[in-house]
Structures are given as C-alpha cells and as structure tokens.
Amino acid sequence: MKRIYLDYAATGPTKPEVLKAMEPFFLQKFGNPSSLHSFGQETRAALDKARGQVAKFLNCKSGEILFTSGGTESDNLAILGVVFEYYHQAKNKPHIITSSVEHHAVLHTCQYLEKKSEAEVTYIKTDNRGLINPEDIKKAMKPNTLLVSIMYANNEIGTVEPIREIGKYIEKVNKDRDNKVYFHTDAVQAIEYLNCDVKYLHVDLLSLSAHKFGGPKGVGALFVKEGTAIKRLIHGGDQEYHRRAGTENVPGIVGLAKAIELVVRDKSKNEKIRKLRDKLIQGIGKKIPDVILTGDPKNRLLNNASFCFNFIEGESILINLDLQGVAVSTGSACSSGSLDPSHVLIACGFDHQTAQGSLRFTLGEQTTKEDIDYVLSILPDIVKKLRKMSPFGRKNVGV
Ligand SMILES: Cc1ncc(COP(=O)(O)O)c(C=O)c1O
C-alpha cells in the first residue's frame, strides 16, 4: 500500500542534504567544541558557521542566537528566562500577556508561573478564526507587564498572527516606559513559509525548531536580542554565552543551519504546495457536506488545511485514513491521544462536539497531486460511513 504523509506540522523527514552535512560530525569531526586541540577547533568553527547562518536568516548578530534542544526548550527559555531574570530585581509580580491559542510549550509554561505565583498572566482571546486583535494587547497592557508572547503561526489551524503590528506597537509603548516590555514569538511553524526577519517583526525573542523545516529532531534555537537579559535554566558549563550549559549538539546544529539554507534556496516550491493545499480545501468543500474550514481562510500557513467534520470524531476519520495509507492529525501532535477537544478550537468558540470533529492536513515538499487526488477519492466515503454509524450523523445529515 502506498503511504501518504500529510502531517508536516507535526514533523517531517530530515532532508538528505541535511543528513549529508551532519554525517562528518558524527564520524570524523567529533571533537568537543570546548576542547582546545584541533578536533575541538574544527567543531567550534562549524558551530560558529552555523550560528552565523541562522543569524543571517533572522537578520541578527551571531551572538544573539542560542542553540537549544528544540521549540519547547526555546519557548521555556524565553518565558522563564525573562521572568526569572526580572523577578529577582523587581518589586512587583511580573505580568505576561499571551493568547489562548498558543502551543502548550508556551501555555503550560505560563500556567506554571501562575501556579507558582511568580507571574500573573492575561490570555488574550481570539476571533473564531484564531486571529488576535492587536487592540486587545493594548487593552491588556499593565504597568507591570514584562513580556508579551504571541505565536507567529498556529500549529493546528494555521492562522498567521499580526506579529509585526504587535511588535511595532510594543516598541512604541516602550518609548514611554521605564520598565521595558519584551516581545517573544513562537515561530516554530513559520520558518519555512513566512518572513522571519527579527527586525521586520520587531521582536526581542524568537523560537524555532529544526525538525519542522527539514532538519533533525531535538535541536532548535532562540533569538535573544542584544540587551535582553535572561536567566539560564540549565546550569553547568559556560556554553552558549553562559546562557545554556551542556556540550553542544554539533551534528544537530550543523543540520539545523543546512535546513535553513535549503528553506531559502527552495522557496519556489511553496507555490506548488499552496496550490495543492487549495485543491484539497476546495475538493473537500465540494465533495463533503457539513464541513467547516478552521482557521483564517486568507491569513493562514500555505501548507495548512484544517477542518471540523460535523457529527463525527476526527479521531475516527484519522484511523480510517491511516488504514488506507494516509497520515493526518486531529490537531497538534502533543495533544493527540488525549480525548479533550483542542484548546485552540475551543478558544475559537467551537462547542466541544464540533471541536471533536477536527482534522488537520499539513502538506510538504514531497506532497504530490496524486496524493491529494487519492485523499479526495477516499475521504467522502469514509465520512459518509462514519456518519451513518453515528447517531448524530443519521439525525442531522439524514444519511
Ligand atoms: C507552534 C509550536 N511551538 C512549539 C513546538 C514544540 O517544538 P519541539 O517539538 O521542537 O519541542 C511545536 C511543535 O509541534 C509547535 O508547533
């Protein structure tokens, strides 16, 4: 059976060119970058080069890039790092503004701080497309606001948030304040498809993760603007400018930088992905009744097609598609396996039953027209069959 992968937002394959770039750093060039001998110098040079490549992509200085173990650690380091640094200096409890549609790496970190009484948090609501209104950030601002953390693109519904507009507003606010408001964006889903120039975005901190754009798993980076103090979370050696201890994952970091190089080189593939995504959205809309496209129809990642199928569970569709060789997701990889409906869809105002019908298709470089045709040929029957079996389906669609 042919296997079709449509879950690129969860992860994707490491690109062969990336793997090739990494290989020497497992075999011949294995030195510890902190060692003074030639083996160490070799990997130190590779590390410096990779840092420079990531910095060039984000339009910042090399010294503003910290390598981490991935998106989750970058988000934790951004939020906890800023709050803990501030906490020991300030009298007031810091205030964080974030949104209710963030990835759990941000949401759970904020909730942890709330629980520990180390911060108060405002969770901005979105509209039913998952879009944040920058006016709501203005309204939420307080004298003790220390950090705003808003994701660039949503991993479940693909909605792209107005990061530049928010960044410019925060920069303006900071001109009249003694205590700076820092702005962090989780750009984990954005790297391959959106402009991630940190000066264009006006952000102080930005998280990314290699496995979301053709790099290896377990490696990421955090941009920390010069002058932004963060407390280290991992103690030990002096690596990463004293901000993140531990021997660097040199092969992973080299792979991350190579994957970034390919993102820039292969930009032209994105139009093909967008067209296939549009074909999928239109095909589903035409062939299947009672389906809602979730997320913003226009401001969305070009590879994302996410839906709620009324009267049935997304999980059942997922299993049936998988039996026929097609891999999709019901939402984020992290919440799969949980019976709770997606917090993103609930935040968008969907009721629990509708949210249970969620299904996410995320396309990638290897997706073909034949893949999409195949999905469109099997999905209507799967949905029809499941609706026939469901008491809700029978009543509401009359099948
Ligand atoms: C928006 C977003 N943030 C953070 C993460 C976590 O990244 P990682 O898997 O590298 O820890 C993910 C992964 O799904 C994500 O989609």
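Residues numbered from 1 in each chain as written. Predicted model: local features only at pLDDT ≥ 70, side-chain atom pairs only at ≥ 80, totals over all residues.

Moving on, we get to the sheet that holds strand E8 (residues 220-224). One open sheet holds the seven strands; their spatial order is E2-E8-E7-E6-E5-E3-E4, and the pairing between them is mixed. Looking at strand neighbours, the two that pair on one side only are strand E2 (65-68) and strand E4 (120-124), the edges of this open sheet. Going from strand to strand, the sheet's axes swing by 20 degrees on average, the running direction of each strand aside. Where E2 lies against E8, four bridges are found, and the strand directions are antiparallel. Across the sheet, Thr 68 pairs through a bridge with Gly 220, a residue of E8. The strands that helix H3 (residues 38-58) touches are E2, strand E7 (205-209) and E8; relative to E2, the one it contacts most, it runs at about 115 degrees. In this fold helix H7 (residues 163-175) packs onto strand E5 (145-149) and strand E6 (182-186), with an angle of close to 170 degrees to the strand it touches most, E6. (Pairing = 2+ DSSP bridges. Helix = DSSP H or I, 4+ residues; strand = E, 2+ residues; numbered from the N terminus. Axes fitted to C-alpha atoms, helices over the stretch in contact; angles between N-to-C directions. Contact = placed C-beta atoms within 7 Å.)

Of all hydrophobic cores here, the largest spans 75 residues; its most connected members are Phe 223 and Leu 256. Beyond its immediate sequence surroundings of up to four residues, Phe 223 is in contact with Leu 58, Cys 60, Glu 64, Ile 65, Val 198, Leu 205 and Leu 206. Leu 280, Phe 311, Val 326 and Leu 379 belong to the second largest nonpolar core, which has 35 residues in total. (Core = buried A, V, L, I, M, F, W, Y, C linked by C-beta atoms within 7 Å. Buried ≥ 20, exposed ≤ 12 C-beta atoms within 10 Å, placed from the backbone.)

Here the focus is helix H11 (residues 269-287). With 19 residues, H11 extends 27 Å from end C-alpha to end C-alpha; this agrees with the ideal 27 Å at 1.5 Å per step. Among the residues of H11, Ile 273, Leu 276, Arg 277, Leu 280 and Ile 284 are the ones counted as buried. Along H11, the residues classed as buried sweep out an arc of 100 degrees about the axis, all on the same side. Exposed side chains of H11 directed beyond 90 degrees from the buried face belong to Glu 271, Gln 282 and Lys 286. Buried-residue contacts for H11 involve strand E9 (291-293), strand E10 (304-309), strand E12 (358-362) and helix H15 (369-389). (Expected span 1.5 Å × (residues − 1). Arc of directions from axis to C-beta.)

Attention now goes to the packing of H11 against H15. The N-to-C vectors of H11 and H15 enclose an angle of 15 degrees; their axes lie 10 Å apart at closest approach. By the angle between their directions, the pair H11 and H15 is classed as roughly parallel. In the crossing of H11 with H15, the sense of the turn from one axis to the other is right-handed. Counted together, Leu 276, Lys 279, Leu 280, Gly 283, Ile 284 and Lys 287 of H11 and Lys 369, Ile 372, Val 375, Leu 376, Leu 379 and Pro 380 of H15 form the full contact between these two elements. Residues of the contact of H11 with H15, tallied by class, amount to eight nonpolar, one polar and three charged. (Parallel < 35°, antiparallel > 145°, perpendicular 65-115°, else oblique. Left-handed = near helix turned anticlockwise from the far one by under 90°. Nonpolar A, V, L, I, M, F, W, Y, C, P; charged D, E, K, R; others polar.)

Running from amino to carboxyl end, helix H4 (residues 71-87) crosses helix H5 (residues 104-115) at an angle of 30 degrees, the nearest separation of the two axes being 9 Å. Of the two possible hands of crossing, H4 and H5 adopt the one that is right-handed. Facing Gly 71, Thr 72, Asp 75, Asn 76, Ile 79, Leu 80 and Val 83 of H4, the residues of H5 in contact are Ala 105, Val 106, Thr 109, Cys 110 and Leu 113. In terms of residue class, the contact of H4 with H5 is built from seven nonpolar, four polar and one charged.

A few words now on unusual backbone geometry. Of note in the backbone geometry, His 242 takes a positive phi value of approximately 65 degrees without being a glycine. Locating His 242 in the fold gives a position in helix H9 (residues 239-242). With 9 C-beta atoms counted inside 10 Å, the residue His 242 sits in the exposed group.

A separate point is the site of the ligand. As a structural note, the neighbourhood of the ligand is formed by 15 residues, with Gly 70, Gly 71, Thr 72, Asn 155 and Ser 209 the closest of them. Here the shell around the ligand is composed, by residue class, of four nonpolar, nine polar and two charged. (Near = placed C-beta within 6 Å.)

Overall, antiparallel pairing links the three strands, which are arranged E9-E10-E12 in an open sheet. Two strands in the sheet have a free side with no partner beyond their single neighbour: E9 and E12. Neighbour to neighbour, the strand axes of the sheet diverge by 25 degrees on average, direction disregarded. Where E9 and E10 come together, three bridges link them in antiparallel fashion. Its bridge partner lying in E10, Leu 293 is registered against Phe 307. Those strands touched by H11 are E9, E10 and E12, and its axis lies near 15 degrees from that of E10.

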